[in-house]
Structures are given as C-alpha cells and as structure tokens.
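Report on the structure
So the chains spell out like this:
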Protein chains: 4
Amino acid sequence: MSIPNPLNKHASNPICIQPATTTSELQPFVDSLNSCPKTGLHNPIRNIDRYLMLGDVSRKAGEFLKSEEGEEYFARAIMQCMPKSHQQALGEVRVTANFLLNFSSDQVRFLARGFSVPGDHDGQESRGYRFPYGPVMIISPFNFPLEIPVLQLMGALFMGNKVCLKPAEKVGFVMELFLRLLHDCGLPKSDVDLLNSVGPVAGELLQRADVRVTQFTGSSTVGELLSEQTRGKVKIEDAGFDWKILGPDVGDTEYVAWQSDQDAYACTGQKCSAQSMLFAHDNWIESGVLDDIERIARDRKLEDLTVGPVLTHTTEDFLEHVEKVSSIPGAKVLFGGKELSDHNIPECYGAVEPTAVYVPLEEILKEGNFDVVCKEIFGPFQVVTSYGSSEISSVLECCERMSHHLTAAVVSNDPSFQQAVLGSTVNGTTYVGRRARTTGAPQNHWFGPAGDPRGAGIGSIEAIQMVWSCHREIIHDNKVQEGWTRPKCT
Amino acid sequence: MSIPNPLNKHASNPICIQPATTTSELQPFVDSLNSCPKTGLHNPIRNIDRYLMLGDVSRKAGEFLKSEEGEEYFARAIMQCMPKSHQQALGEVRVTANFLLNFSSDQVRFLARGFSVPGDHDGQESRGYRFPYGPVMIISPFNFPLEIPVLQLMGALFMGNKVCLKPAEKVGFVMELFLRLLHDCGLPKSDVDLLNSVGPVAGELLQRADVRVTQFTGSSTVGELLSEQTRGKVKIEDAGFDWKILGPDVGDTEYVAWQSDQDAYACTGQKCSAQSMLFAHDNWIESGVLDDIERIARDRKLEDLTVGPVLTHTTEDFLEHVEKVSSIPGAKVLFGGKELSDHNIPECYGAVEPTAVYVPLEEILKEGNFDVVCKEIFGPFQVVTSYGSSEISSVLECCERMSHHLTAAVVSNDPSFQQAVLGSTVNGTTYVGRRARTTGAPQNHWFGPAGDPRGAGIGSIEAIQMVWSCHREIIHDNKVQEGWTRPKCT
Amino acid sequence: MSIPNPLNKHASNPICIQPATTTSELQPFVDSLNSCPKTGLHNPIRNIDRYLMLGDVSRKAGEFLKSEEGEEYFARAIMQCMPKSHQQALGEVRVTANFLLNFSSDQVRFLARGFSVPGDHDGQESRGYRFPYGPVMIISPFNFPLEIPVLQLMGALFMGNKVCLKPAEKVGFVMELFLRLLHDCGLPKSDVDLLNSVGPVAGELLQRADVRVTQFTGSSTVGELLSEQTRGKVKIEDAGFDWKILGPDVGDTEYVAWQSDQDAYACTGQKCSAQSMLFAHDNWIESGVLDDIERIARDRKLEDLTVGPVLTHTTEDFLEHVEKVSSIPGAKVLFGGKELSDHNIPECYGAVEPTAVYVPLEEILKEGNFDVVCKEIFGPFQVVTSYGSSEISSVLECCERMSHHLTAAVVSNDPSFQQAVLGSTVNGTTYVGRRARTTGAPQNHWFGPAGDPRGAGIGSIEAIQMVWSCHREIIHDNKVQEGWTRPKCT
Amino acid sequence: MSIPNPLNKHASNPICIQPATTTSELQPFVDSLNSCPKTGLHNPIRNIDRYLMLGDVSRKAGEFLKSEEGEEYFARAIMQCMPKSHQQALGEVRVTANFLLNFSSDQVRFLARGFSVPGDHDGQESRGYRFPYGPVMIISPFNFPLEIPVLQLMGALFMGNKVCLKPAEKVGFVMELFLRLLHDCGLPKSDVDLLNSVGPVAGELLQRADVRVTQFTGSSTVGELLSEQTRGKVKIEDAGFDWKILGPDVGDTEYVAWQSDQDAYACTGQKCSAQSMLFAHDNWIESGVLDDIERIARDRKLEDLTVGPVLTHTTEDFLEHVEKVSSIPGAKVLFGGKELSDHNIPECYGAVEPTAVYVPLEEILKEGNFDVVCKEIFGPFQVVTSYGSSEISSVLECCERMSHHLTAAVVSNDPSFQQAVLGSTVNGTTYVGRRARTTGAPQNHWFGPAGDPRGAGIGSIEAIQMVWSCHREIIHDNKVQEGWTRPKCT
C-alpha cells in the first residue's frame, strides 16, 4: 500500500509503502487474538508483575517522547502523513508524553485498585475488582496518528488486555514507529499485533476471532456499522458536531475570538472536537466578535500549515456544502468559501480556506434545514448564528436535537447562565467560563461523548477503567460457624 | 391477557387478567418517552431537589416492605404468579426492602457524587459528573417478579432517567402493585410508564421512540437480538450457566451439600445464578458429597413449593435434555430425571424432579458434547463431574469455553487453589471459600456478568452508577490572566 | 445536680434533677471503657454483623425522629433546656433524623469500605481498611443538645468504637432520652456509657481509663487544655469567629440581609457557626444593607424565642464587651447593645438585644485592637466593617490572622472574586455565592474546622471516617514461588 | 558539628563537618516559616500551576535516582553515615526513586482530587477539597537518611505546604545532597528550609514560629514530648515493638526462617519495622525454625555490613538488656548476646552480634516482666517465644497490651487463623500469609501505625493526603429562586 504525499501531488515518492494485509492473510491475527484468554494477559489475581513491567515501559517511552529529540522525531513523523502545524504536532506528542508519564512506577497497578465491603458474618467480605476483557481490537483514525492510538492502546494494555491495533491506513507508520519504541522499552512483542489493512479486512477479523471489545474512534457511520456487526461489543468515540455558546456577558473579546478561531480552524478543522457551530449572543455580535474571528482566521496560510489539506472531503464536496448551507434564507458566507490558491494538494483531498457561514437561528430549527446545517464537515468549516436573551430555549433545542454529544463550550462567567445551559445539555466534555473552548483533549481530564452507553472516553483514569475493564466481584466466605445445623430446603 | 394458574390447570379462574397493549396503542408510550430530554428528569445540575424526593420515596416504600404486613403482601403476590417457597418469596421481598432503605435520605444524591481536579492555571478546574441517559426502557424477567424490576427501576430513576418498564407478562401485576405503592409514597406518576405487552410490542416501541438505553434481564437469545436491534444501546444481564468447583480440601460436608442443593434447586432452579454444573474434586467424591446432595434434594416437594412448576420448559423438553446428556459415554443420571407425581401443573409448564446427571470431564470437553452439556436449562437440573488434582487445567478450560459468565463458586479455603481458579475465570459474581455458593444476589454487593461490555449489574452503588448513568466532564475555566496577548494561530 | 429554668428565675422547679457523678464514682466508667479492646466492639474483620445491627438501629431511631410525634417530642425537650425558637429546635431534630436515615440498611457497613491494590507478585495484595480506635470519649456542648452528640455518637459506634458520652450538664437529659430510644431500637446497653458530671470529672476519667480518642466540641480554651492533657489524642470542633464577606456585586438585597440576620442572631447567636464579623463592600453599604439587617433584627423577640437567654455570658459581661469594641476610634453601635426589657432570665445568664458594632477596617487590623474585635462572644453579637475594592487584601489579612477557621461566607457570584477569597482563606466549611451563609450544618455535607490536624468534622461520610477510624493496611502474601532459593543476607 | 566515622574510631577525619544552627540563629527560619500563609504555597484554588511544576520536579529527581549513577551515588552517601549493606542502601534509594516517579506528570494534581455532591436546590453544590496546612516541620530519623525524609518532604510539598526539614544530625548531609538535586530539577529554593541542628533547637523553633503541623519519625519518648509541646499538632510515626506470629500450618520453612532473620537483623535491626518478638507455634518449634534462623543469622558479618554499628545503644547497654531479659525464669539466650570481635566501632555506638532470647509465654505476660520483654531495642535483638493451639488468646493478649502498633506479621495461610489474629490486633501495617514479614516499607502501600489519632503514614496516596492535607468543604449556592419572599426570623 502506497501512501501519497498529501502536500504535493507532483512528489515523485509516496511518504511510505506499507503492508496491506488481506483477508487471506488474517489467520495469524486470528490465532494470536484467540491465544489470549478472557481473563487477559494479566488481571488483579494473575501475572500481577505485569502491572509493574508496564509502569516501567510507560515511563521509559514517556521519557523518550519528553526529550527534545524524541518529541521532534514524532512531531515530524506526524506532520509527514497528517499535515498540521509544527505546534499542533508537538502538542500531540506532548499530550502523549504526559499521558505515558502519568503511568510511571506503581500507577498502572493503582489503575487496578479494587474495593472491599464487610459481609454478613465473620469470614465474609465482598471485593470489587477491575478485570480485563482479554483479546480486544482498536481501530484508530487519521487525524491524531500518535495520540489517539497510543492513549487507547496503553489503557488497554494497562488493564490486562491483548490488543490488535488497526490504525488508519494513511498514518499507520507512526504507530509502527511507536511500537518499536515500546519494544525497546521492554514491552513483550506478543502483547500487541499491528494490522496494516483497509477497514473491511478488520471487519472480517472481527467475525473470525473472538474479539471481546472493539474500541473505535472515527465517523459515526462506521461506528454504527461496527455496533451492529459486533452486536454492541464496542466502545465508540465518534463524530462530534460541537458547539460553542457565547453568553450575554461580553469581555476578554480578543481572547474569545482567538479561541474561536483555534477551535474552528486549528488542524484545518480536522478534530472531532472542532467548533462546528457558534451561537453568539446579540451582545457579542454587537461587540464585533465575528469580525474579530475573521481577522484572526485570515492569518492562516498553507506555508506554515496553519491551514492544510482536508483528508476526507474534496475541495468540490466542501464548497458544495458551503453553497448548500449559505443558500438557506437569510444565510450568508461570512468569510472563506474558496479554494486555497497556489497549492499542490492532490485532488483526492480538499484545499480550502477557513470558512464561516451565518444562518439565522429560526431557519436552523426548521425541519428541512436542521440536518443540513448540523452535518459534520471534517474540515475548516463552521456555522455561526446569533440569539437574543429571550431565545436561549431555541439554542438549547438545537443542542438537544443534535445526535452526537462530544464537546461543547459555554463562554460565560454568569453562574445562572452556566447552569441553564449545563443542566440542559449533555456533551461529554464541556468547557465553561470565559476561557471555554471546544478543542483540547489533554491527558489530565476525561475526553469523550456522553449520553450513549457505547461511548468511549480516552486518557484519564476513569476513561481507562471504564473502557478497558469490567467490574468483577469476588465474595470471600470461608467460615461455617460452629454449631451450624442444616435448615430446611427452600 | 389472561394469566393461567401455574399450579392448577383445572383452576376455573386465571390469576389475573391484564391489559395487552398492542402496537397500535403504543403512541402514548412513544410520546411519553420522547417528552424526556437526554439530560433526564434531573441531573446533578438541574432539578436536583428530585434526588431528595426520591430518597424519601425509596425510604417510605422500603419501610412498607420491611413491615410484616408489607412483606407478606408482596410475598403472596409473588407466589401467586411465580410459585416458589414462602421463604424464597420472602427473601425476594427482603432484599428489595433492604435495597430501598439503602437509598433513604441523602443517599440518592450521594449516588450522583462527582469529583474535581485542579486544572493548569488558576481559575481552571475539571469536574466529573454522573449524568442520566434520559428516556430508557427496562425489560424484566418472570423469575423475580419484584426484586429485579424494582432494583433496576429505582436505580434508573435515582440517576435521573425516565423509565418505560415492561415486565414479563406472566408476572406483570406484581409491578403494578409496586408502582401503586411508589405513587402513594410520592413518586410523580409521569416518572414511570408500565407497558403490559408481549415482547415484540416492546421491540416496536424501541424502534419508534428515542430510547437511549434498554436494560434487559432474560435469555441470551433475546439479549443478542436486542443488542442488534438497538445497535448495542443495551445493558444486559442474561443467561448464566453457573458452575461450582469443590476444591481439594474437604470439610464442612453437610454445609457444602446443603448449599449445593439450594444453589441447584431452590426456586426450582429458575434463577439465573442457579448452579448448572458441579466440578467435584475426587476427595469430595470420596467423602460422599453426591450422596449427601441427593439425600437433601429428596426432601423437596410440591406441597411447600420447594419444587414447583418450570415456566419456560415443558416436562417433555426437560426430560429429553436429561436423556441427551445422560447418553454421553460414561454419563449417568444421579437422581431425578422424572416427572413429578400427583400434580396439576398445566402442560405448557414443566413438572419435574430435581435432577443431576454425571458426565466424565474428558467427555464434556469433546467438541460434540460441550454445547449439549453446557446448555442452560432454566429448571431443577445440574451436570456433575469430577476431577483429580492433575486435571485442574481441564476444569478451567471448561470454564473458559463457556459463553456467559454470571456467577461461580470456588469451595475451598486453600489460597493457592483459590488464586489458580480466580485468576483464570471471569464470572462477574464469584463466591469463594468454604461457604461459596452460586446463588445469592443480595443488595449489598454487585450482581452481574463480567467480560462483556454490554453487561449489566444490579443493586449495588457501582451497578447503579455504571448501568444508569454516564460520565460527563465539565471543565471550568473562567479567568484570562492579566496581560495576556494573542499568540500566533496554530 | 439541679438544672434551673433558663427562662424564669422565679420558677419554683428546676427543669430537671440529674445525677452528678463524682470522681469517687468513676470506677465503673473506667472498667467499662477498659473492657473494650483497641480493635473495638467490631471492625471489618471481627463481629461484622454489628454493622447490620447498627444500620437497623439507626433506621428505626431515624424513623421515630421523622414521625410527627417524634420530632415534636425532641423539639420540646431541646427547648426546655436550651431556649431557641420552635423552628430552630425542629431543625435540629430534622437534621438528626436525616442523618440517622442516611445510615439505614447496609450503609453502616459501606462506611467501612476498604480498598485493594495488586502487589508485586501473584499471591500478594495490599488491602486498606478503616479500623476503630476502641474505647473513646465524646464531650458535647449545650447549644445543640441532640444533634451534635447524636451525630458524633453514632459515627463513633458505626466505626466500631465503644463510647463514654459526657454531654453538657445543662442539657444532658436530652441525650438520656435519646439513649433510651436507641435501646428500644436494639442498641446493646453496653455500647454507650452516659456520664452526667461536671467537666473536671471527665478530665479525671481521661487520666484513669485508656481512652484512645476524645472528641470534643466546645470552647477553644477547654479544647487546648484537653489537647495538652491527652497529648493530642483529640478531635476538636471548637470556637469559630466566623466571617462573611459581601463582594462587590450587589443583588438579592433582601435575601442577603435576611440571611445575615439569621446567621448572626438565630439561636440567639449561640452557634459555633454564627456570623461574628461582616465585611461589606462599599457597594453594599451604599445599597443600605446595614439598615436592612437592623430592620429585620428588630423583629426578634423573647416571646417566640427568636431571641433568648445567653447561657455562657452574663448581661453585664456582654455589654462590657460591646462597650469595649465600640470605644475603638471610629467605631459605633449600629443597633442593640441593651439589656432585654421585661424578662425573667436568671442573672447567671445573659439577656440582651441583637447587637451590631461597626469598626473601621484599618482599626481592626491594629495590633491592640485585633484581639478585642476578634474575640468570640457566644451570643447575639457581630462586628461589622466595610471595605473598598482596593482593600480586599486587608480583608484577607484579617481572615488570615484569626486563630480559628470554622465557617465563612463569600456572598458573590463573581468567579474572580470568589477565587481571590477562597484561595486565600481556609475555613473548613465555606459557603460561596449569592446565598452564602455561615450557619447551616446539615447532615449532607462536611461541617468542621480546617487547618488544624486535630480538627473534627461532623455528620458526613468523610467526617465519620476521618474522626472515628484510622487506616490499617493488611498485605496478603501467601505464596512462595516454586524453585525459590535463599538469597544472601542483607 | 563534626560527624565521626561510625565504622572506625581511629579514622583521622570525620565523615563530614556541618553547620550546627543555634537558637540565636533561628530568626531566618522563623521568618521563612511565618511568610507562608495557612493556605500554603498553593492549594486547589490558588497557584495551581505548582502542582504541575512539582510533578516535573518529582519525575526528574526520580529519573536521576533510577539511573545507575544516581542510585549508586546516594547509596554510597547513605552507607557513609548509616552503615548498612550495599543491598539495603540500594533498596532505600530504589523505594525513593519509585515513589518520586509515582508522582510524575499530572499525578501531583490528582492527589488534590476533590469531590462534589448535589445540594438541596438548583444552584447549590457542596465540594470537598484537600487543603494544605501552610508552614510545617519535618523531623526525620537517622536510620533511613534518604527515604523517610524524602517521602515525607515531597508529600508535604505536593499538598501545598512549606517545609522546614530537620534531619537527624548524624545523617543530615544526605538530605543536603538531595535538596541540591531538587533545586537542579526545578524546585524553588524558598519551598524548603534545611535546619542542621540538635533537637532542642528545633523545639525552640516550634515555639517561635507558627508551625501548623509537625511530622516526626523517631522514638516514642520524643514523640510524646512533641505532642505535649505542640498540644497535639503532630503526625507521628514512632517506635514499633513489632511482632510476628508463626501459625499452626508449617511449610516453606527455609523461606520463613530467612525472612525472620531479615526482619530481625537486616540493617542491624535498626528499622522501626524490625521484628522484635517472634511467637512460634509449637509445630514450628518442632520443625526446627529456631535452629534455621540461628544458622542463617550466623552468616552475618561486619565486613559486608550485614551487621554493623548500633547508633543509639552502646554495646554495654545492649548486653545489659540481654542479660535482664534472659534472667527471667525459663528464659535463655538462643544465640548472640556477645560483642562483635575485631571491630573499630567507636565506643559511643554498639557493636554486637545478632541476638535472640527465648522467654516462656506465661512469663512474658507477668506484670513485672512485660515491660522489660516488650522494650524496644533499636538493634539486632529479638525475643522469641512459643505457644500451643490453646494459647492463642495469650498471644493476642500480649499484642493488645503492647503500647505501639506499627508492623506485624501473621505467617499462616489458614483463613480462620488469619481472621482470629487480624480481627484482634491493630498494627497499621500487617503482613499476612506464608510470606508475611514485619519489615518492608515500599512506596506502593501504606506504612504507619494504627490506633492513634496522631499516627502518620508514609508514602502512599492515602498517607500523603491524610498527613499533609485537611478537608475543606466549599458549598456553592448562587441562585435565589424567583419569587422568594422573606420568611419570619427563627
């Protein structure tokens, strides 16, 4: 499989050539998965020295990523296949490094912390444990070639699972590099299998091997398909049509405009947490926030990759969508809506300017328009609307009617306004306050959707425990009291 | 819908006549479910006074069930539609009462306990919350007409969900009585809808309403079907083919035999936690444990309902299965395997003696036999086998190959043996020690399967939080530091 | 010991006559305490059925207090010896009832929840437990004759301790009544000893019996004395000189004034959480908050006990202090500062109007004035001051220089202001927001001082675990790996 | 202050010359401590970026100690002032390294994790936080010159305290080296003051500065004195007279004997967790365990420091105590009881062979003997006794009568025996099972005494939170409901 250079259609060499495993080559993957019991490679009762081994591996890998050499090496690898600014690529590596270092030393075994409660009589005690699922699969996306697969992979390993990892084809070599690092740091080679293949091959593997859980990050279409195929044995972090509400209290206007630009357009809008819709209170409109955002967005340029290729929409598709949304009555393109000039991005990708389209709130809510306006475009595109103080319920109706609930931002320091919005929305990662943003998936707090029992979190202690382990309760009861006599059957 | 008397086919009256809602009558149920937002009837930010209201309701209902009058009233109701001994029926009511009283006063709001972690700079703090799913459905089984639906229902309500409850048709009137009690105790009538219908009507409802999670307790066949239909938006507590291992250390023989009889035959074996397979170490065989169990099981009789009708297998089906298993080479019926004498149980039900069939361990493991031997029979039936000290790995292979992992028992006080078994098995509720049992689903510890991401627990704090709420993280970030200047776009 | 009627010096009868145990009568108390081992009456490993017994006792006692008859009975008992309004007395009973019901059913054993962490090799696991101290003593104050001793007593019992309870002499008969209720609800009589005596007798007992922890609620003078005598084996909830800051954002003025009146004068100011000092931002002064408070305070009258006798200061002492504070340069009496008219309160008690004295902020901070101004007066007295936006650091300096840090209130909805105050103060129970108050010690959250390692909390799960139990870690390690050979000594 | 070479009285040079601060030089220490507010250098609301800074410092220091160069450097430093075998010194460094690495990255802020509970009405929420004490003092002992002060120091800093550290004079230079490392790793110099002085100077400092908590590790005599002087503002980890019980089930005899030798004599018995008393069941006596221990102990020799100087008892004192104990009726020296031959250890120290004295159980229990037998000797000395199955209550009586409860070991795999001992003893760190030991204070589990409210733990998350922070609850309550009207005063 040959991966074309996403920045230069004229480049003579692909960025890499890698295996493309076919269904006829799957048997070793099947056998490897099936070799792992349901109790995993380790659990709180068996092979517990592996917790310490993994703490050591995580620390060493983290130290390498934390070094200047290490972070630059992986940032360059990321940029080669998923063009983003150097700062964004570095950010990805640093979050990954911090995550790995969070699980140094004893911290992997602390993830397996259980609890105990006294029973009914002396000698009885119930104990709750976190058990692994055994053989599992991870299917990871292209936009964060390192961070997303590493955080899920390590979480899976920490809890005792054996992993078959299928990264997005376009960026798979980043994880190949990382796995080599893990092996150097002491990870046994049999802990993880890397599947370089197209999606359907992974689908076939899921049918043939007894995969206990599949963790998928990517589009909601594929997510629903996988859910059906596995009859729900999934943990999904899928599409986000993420919104930001600017509340009635205006302030720190340059900051808020800058953050909005970053949320909508950093990484060329290719983040599942990107700001897809902005609800600006009339006070903010009057303060000129839309002009501010436009002004800042105009600084973005291809040469430093503050805008870059869109990997899942062509330019044509993108512009067609802009056209569709902007033709709603009262709608208008605020800025962007054009192809980038002077670029060599291949035609299979998109090359477009950061774009914002204004649509009146009452039009968004109309049955025919809602699905068009709230369609996720994985690129530098946002819908903007405005509302007055009496229309907050319409804003909340919009939020409620959306189908996926990943990130959100409530830009307000007014506690009443905060509560009104927070109590009536359900996005899994919601930022609130003057500095609220939609993007930002650091390793120190939960990141993931809410409102769906199949939803997956990533990175935090809670996310790892929830996605990669299940509750098991073992009740010890070892002593028949003296003088016991047999009661009647019941 | 007319529910026949399960104990007397000649009875002139059904035990009750109840509505049988049809698909054409579903609209009010659809509308009611859809009236509840995804943020539920309450959540940690909105309508939080409901936590206290529910604490009050739970306490009052618990107090009634705890009263002599209350427990007898519901025990009688249970026995009428699901014949079990008075002691078993009382046990069901008592567990329910204890559960309800566990959530008195502030304890419902304590279920909604969240956490906070300092952020990166002053003014930032991440907070984790437990949010409800909104409109949900509960489909509950016939064997515990009160306990199972009440524990799931209250858990769902506590966390903020609105519930449509569909109990098994045969026993639905018990929950009708209980809902009336809840209303008397102050539960708003709009919190719960009761759907009296056959299964497919519930299936239709799931297609028409936006049900966020469906909690199902029942057969694995229906469980898988629901998983597919809802694409995994389920929490399932399904079939258990539960095993008990008697370890090498023999002692307290009368106790162990009595507990085995209870585990296999109490409630006529109609518990998802019933002992389906007994692995007895040769030392136990020599001590005569099988004779002891037989002796005790022979005390069971229809008149006091220590054996009763089997509601999901006919006598013929049951005996056919006994025949099939006992015809495996080396196998033999240890006791039972006959129809009850002198009974008036309707033909649509089963009327059989407590039965045990011995099958040699090496035969169980054979490809052709395994599925036959490990088929769950929801009645008074168990398979017995024996093993020597060198065969423990074959025993563990059996446990690993089974498909569902609900309860298990390891009857041994030897820590090495305990670890060997516990570290290589995954049953969600595993009892260990001389008093280990497979049945017993009290309100004070987790009860549920492990090893499946769709698995549901019941009753304990962890179970309620896991099944009925999801993680949401809200990151407060309210202060732009003085002197902030806009950095470059990335 | 004869307890005089606090409302009528002419009353012919005392409110009760009770035993006054002397040091020569202490031996049975010594023996009883010493009969309890350091491992308590129960702990997570021994006599664990007592957790359930206590859950039952707590529920039954709670149900009685929750009944109309029960709450009125105890409210009347309280009012007889500690005159407060009927509403305040009822409030005390209701908090107590809610607390007791919080520990129904399994909730006592849930307090003893432990944890487990995997060890270094298979067979090793460390387990944390909460162990009791064994024989303990509780010395409780007069102002909450029921709530304070009950919450501490039950917490002590729940965790496994045996208690000698010494209530304030003036109000001891309330706890005698309550202990009788507990006995009726099933508490073994040997669990608690009631010591009716003056303080020094209790001090003597502490020297003669091996009391492991003494929990004291009362004046800081006695607290420090006890700390020295027991060499720190204490848990103290002592005096509070509690403050409220009204921030720059004015609003809900009637609410804020009403809450200030309640905080300063409810229960005639005899709460350890009473508002002793009010810092009002100039904006609030301009809005007339001081007039509002005065207007509301003038409604208080002896006949409905919204003002009543002060039990620890005479009228003379009180007025002398008012004089002292108001003679500071710039200071003035805002209202009050007079003896009540038409009363029969005995001379040994105080009979004074709700009083507020204004002192300029810069005067408070002066070395000679600070201790006078910040002296706790356990009666209806508060100091008021004002500050401008540039003086917040002087306000915080005041808070820092105070010696005890129980409750505080920050009346502001401005997140920056909130953080500025909260990050620089340390009061253990701090209310923040427009509805902030200093009083309010409900059973649902922590109440207690912060900043002192000897500090005691009351009522909440965390408080009970922290005050009444200690950490014990038991590390199981049961398996010498095969092939182990002895290493060299080290 | 000149520190003599503990191995060679003829050495011409001391191991180091260091400052000996006098009371007249204390003012800078007073000022530095007093410069820190009660809210600490940081807390969950103020200066929260320090959590991340400290995570970084801890990681870097840990990485250095983890390196070959780093661990050898500090092992040599330890051995120079506190002679112990190279393996023991390395062990100390490794535990310290693992501890530091446990708090890499975000793990320091995770220590500050708080919680939230919904309040009574919308807009109210109670939040629990962990707050520092502010200025604190640590007084650390000589036997673990690195591990004990580092673990306590870092815990104190992590939670936000400012520390004045006073290490034992003889070993203070190890911490001087370590502080320099911390500074290199980024710790601000103003976070920690190092006080090189004799004890009384520290006592004076405690009187002059407002030290909020003093953490002391050392002798119980000094511990009690400090408790009195500070009126209980202490956290103490003092003397341990630690016992081991060999239960009735004999097995793994060589392992158990080896572990007993290590527990009693490693580090020349100078561990607060050293085995001071061995209760061997008659079955073990018959198996020859005492001969096994003697055989192993005889391998110890001065040249490799498997036995070394005793720093707090002279040879004479030690032998006098041996004489005293062995003169009890029925008692005898099992081995040792002699001065080392061919040594140059200074006379101010002890130079003795590993020693065991047998005393009959019934004699130990006698009033006059108990205090002699159970006196802690901080050197290579243990008391041995034996018991039969009917005498377990006498063994437990011994354990109960001891005054301090640090570590203990229950060498048995029998669950009934385990429960009998564990349920009736209270040692804070108790090992149980065939591999049970008394020594071993790794960073992964709690280490500290139980049964005393002043007791301090070390190293684990729970220990850090308990010793170095206090609970503070902040209740947000920001919204006056519309239509609120003022109720009557109460």
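Quick notes on the rules
- Residues numbered from 1 in each chain as written.
- Chains lettered and ligands numbered in written order.
- Predicted model: local features only at pLDDT ≥ 70, side-chain atom pairs only at ≥ 80, totals over all residues.
- Helix = DSSP H or I, 4+ residues; strand = E, 2+ residues; numbered from the N terminus.
- Domains from an automatic or database assignment.
- Contact = placed C-beta atoms within 7 Å.
- Nonpolar A, V, L, I, M, F, W, Y, C, P; charged D, E, K, R; others polar.
- UniProt positions renumbered as here; feature names shortened; annotations may be inferred.
- Axes fitted to C-alpha atoms, helices over the stretch in contact; angles between N-to-C directions.
- Parallel < 35°, antiparallel > 145°, perpendicular 65-115°, else oblique.
- Left-handed = near helix turned anticlockwise from the far one by under 90°.
- Least-squares fit on C-alpha atoms with pLDDT ≥ 70 in both.
- Pairing = 2+ DSSP bridges.

1. Here's the deal with unusual backbone geometry
Residue and element names in this part refer to chain A. Phi at R231 takes a positive value of approximately 50°, unusual for a residue other than glycine. Among the secondary structure elements, R231 is positioned in the loop between α9 (220-229) and β9 (234-237). With a phi angle near 45°, D252 is a residue other than glycine that sits in the positive phi range. For D252, the position within the fold is in the loop between β10 (242-246) and α10 (253-265).

2. Observations concerning the domain arrangement of chain A
Residues and elements named next belong to chain A. Domain annotation for chain A reports domain 1 (2-238 + 454-475) and domain 2 (242-432). On a C-alpha basis, the centroid separation for the pair domain 1 and domain 2 is 31 Å. Opposite the 16 residues of domain 1 that make contact, domain 2 presents 16 residues. Tallied by class, residues from the side of domain 1 that touches domain 2 come to five nonpolar, seven polar and four charged.

3. Side note on the UniProt feature "domain: Aldehyde dehydrogenase" (unreviewed entry) in chain A
When the UniProt feature table is mapped onto this chain numbering, "domain: Aldehyde dehydrogenase" (unreviewed entry) sits at residues 68-444 of chain A. Across residues 68-444 of chain A, the secondary structure splits into 40% helix and 19% strand, with the terminal C-alpha atoms separated by 22 Å.

4. Notes on the interface of chain D and chain B
Taken residue by residue, the interface counts 23 residues in chain D and 23 residues in chain B. Secondary-structure elements contributing two or more residues to the side of chain D that touches chain B are α2 (49-66), α5 (107-111) and β3 (114-118) of chain D. With five residues, β3 of chain D is the single largest residue contributor to the side of chain D that touches chain B. Grouping the amino acids of the side of chain D that touches chain B by side-chain chemistry returns 10 nonpolar, six polar and seven charged.

5. So, the packing of helix α2 (residues 49-66) of chain B against helix α4 (residues 86-102) of chain B
To characterise two packed helices, one gives the angle between the axes of the helices and the distance between these axes. Residues and elements named next belong to chain B. Running from N to C, α2 and α4 cross one another at 150°; their axes reach a closest spacing of 8 Å. Comparing their axes, α4 and α2 come out roughly antiparallel. Seen along the crossing, α2 lies across α4 with a hand that is left-handed. Here S58, R59, A61, G62, L65 and K66 of α2 come into contact with α4, specifically with V93, T96, A97, L100 and L101.

6. Concerning the relation of the copies chain C and chain D
The two copies are related by a screw operation: chain C maps onto chain D through 180° of rotation and 0.0 Å of translation along the axis, at an RMSD of 0.0 Å. Taken together, the rotation angle and the small translation identify this as a two-fold axis. Minimal C-alpha distance to the rotation axis in chain C is attained by G232 of chain C, lying at 1.7 Å. Taken together, the interface assignments show that 100% of the residues at the interface of chain C recur at the interface of chain D, consistent with an identical surface on both copies.

7. Re the interface of chain C and chain D
Each partner contributes residues to the interface: chain C has 79 residues there, and chain D has 79 residues. Looking at which element gives the most residues to the side of chain C that touches chain D, the answer is strand β17 (residues 470-477) of chain C, with eight residues. Among the residues forming the side of chain C that touches chain D, the class breakdown is 26 nonpolar, 29 polar and 24 charged. Where strand β16 (residues 429-432) of chain C and strand β17 (residues 470-477) of chain D come together, four bridges link them in parallel fashion. Bridged to T429 of chain C within β17 of chain D is E473 of chain D.

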